[in-house]
Amino acid sequence: MSVYKVIYLAVYCTIKLTQAYTYAWLGHIINVESEACVDSIYHANWTGQRNLRFMKDALIVLSQNPMHFQALSIITVRLDMFSKIINKSVSHFFLLKMLNKNLEAS
């Protein structure tokens, strides 16, 4: 393998990992901030307010689920998901490498 191909592969992998990490980080921020917003409204003194409209608005916000950034409406994109994908990918890579080595030896 030429030096050009090795550099190209390293840059490509770095860019793809950065892209996946960015999605995971932003999904994590959206999730955490949304939960913090709902918690702040819950712990505010909204029940003691005399403004009926404010109390109704607070109840509407509290009845909603926190926002989540989802991939294909299947999995919530968070930082722990990114680390799980990286760990699984590395594990599968080394497993395939070991199987290939055993196959060549026999």
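Q: Help me understand the overall build of the chain in this model?
A: Across its full length, the chain carries three helices and two strands. Reading the chain from its N end, one meets helices and strands in the order α-α-β-β-α. The globule rule puts the C-alpha radius of gyration for 106 residues at 13 Å, and the 23 Å found for the chain is more than 25% above it. By principal-axis analysis of the C-alpha atoms, the chain measures approximately 80 × 30 × 20 Å. In the chain, buried positions account for 9% of the 106 residues. Counting contacts in the chain only where the partners sit at least 6 residues apart, residues at least 24 apart contribute 59% of the total. By element, 66% of the accessible surface of the chain is carried by carbon and sulfur atoms, the whole surface being about 9,100 Å². Here the chain carries 10 positive and 6 negative side-chain charges, and the mean point of each set is 6 Å from the other.

Q: How should the packing of aromatic side chains be read in this particular structure?
A: In this description, a pair of aromatic rings is defined by centroid distance and the angle of the planes. Using the criterion set out here, one finds five aromatic pairs in the structure. Geometrically, the ring pair formed by Phe93 and Phe94 is edge-to-face, given 5.3 Å between the ring centres and 65° between the ring planes. By relative accessible area, which is 49% here, Phe93 ends up partly exposed. The structure contains a cluster of three or more aromatic residues connected by ring pairs, namely Tyr4, Tyr8 and Tyr12.

Q: Please explain helix H1 (residues 3–43) as it appears in this structure.
A: Residues separated by three or four positions in an α-helix point in the same direction, a consequence of the helix having 3.6 residues per turn. Over its 41 residues, H1 extends 59 Å from the first C-alpha to the last, a length consistent with the 60 Å expected when each residue adds 1.5 Å. The inward-facing, buried residues of H1 contact helix H2 (52–63), strand E2 (75–76) and helix H3 (79–105).

Q: Please clarify how a nonpolar patch on the surface should be interpreted in this entry.
A: The grouping of Val3, Ile7, Val11 and Ile15 at the surface amounts to a nonpolar patch, some 380 Å² of accessible area in total. For Val3, the location among the structural elements is in helix H1.

Q: Explain the side chain of Ser34 here, please?
A: By the secondary structure assignment, Ser34 is in helix H1. Under the relative-accessibility criterion, Ser34 is labelled buried at 12%. Excluding its chain neighbours within four sequence positions, the residues that come into contact with Ser34 are Pro66 and Met67.

Parameters at a glance
Once a new chain begins, its residue numbering starts again from 1 and follows that chain's sequence as written. Where totals are concerned, whole chains, interfaces and linings use all residues; where local detail is concerned, this predicted model gives features only for residues with pLDDT of at least 70, and gives and counts side-chain atom pairs only at 80 or more. Hydrogens and water molecules were not included; the side-chain quantities draw on all heavy atoms of the structure. Numbering of helices and strands runs from the N terminus, with a helix taken as a DSSP run of H or I at least four residues long and a strand as a DSSP run of E at least two residues long. Atoms counted for the radius of gyration: C-alpha only. Globule rule: 2.2 Å times the number of residues to the power 0.38. Each residue is assigned to one of three classes by its accessible area relative to the maximum for its type, calculated with a 1.4 Å probe on protein chains only: buried under 20%, partly exposed between the two thresholds, exposed over 50%. Only heavy atoms enter the contact rule, under which two residues are in contact if any of them lie within 4.5 Å. Areas reported here follow the Shrake-Rupley algorithm with a probe of radius 1.4 Å; residue values treat only the protein chains shown as occluding. Asp and Glu count as negative and Lys and Arg as positive, but His and the ends of the chain are not part of the count. Just so you know, the charge point we use is NZ for Lys, CZ for Arg, CG for Asp and CD for Glu. Aromatic contacts are taken between Phe, Tyr and Trp rings whose centres are within 6.5 Å, Trp giving its six-membered ring; a plane angle under 30 degrees counts as stacked, one over 60 as edge-to-face, and the others as tilted. For a helix, the expected span equals 1.5 Å multiplied by the residue count minus one. Nonpolar side chains (Val, Leu, Ile, Met, Phe, Trp, Tyr) are joined into patches within 5 Å and like charges within 9 Å, using only residues with over 30% relative accessible area and no salt bridge. Salt-bridge detection follows one rule: a side-chain nitrogen of Lys or Arg within 4 Å of a carboxyl oxygen of Asp or Glu.

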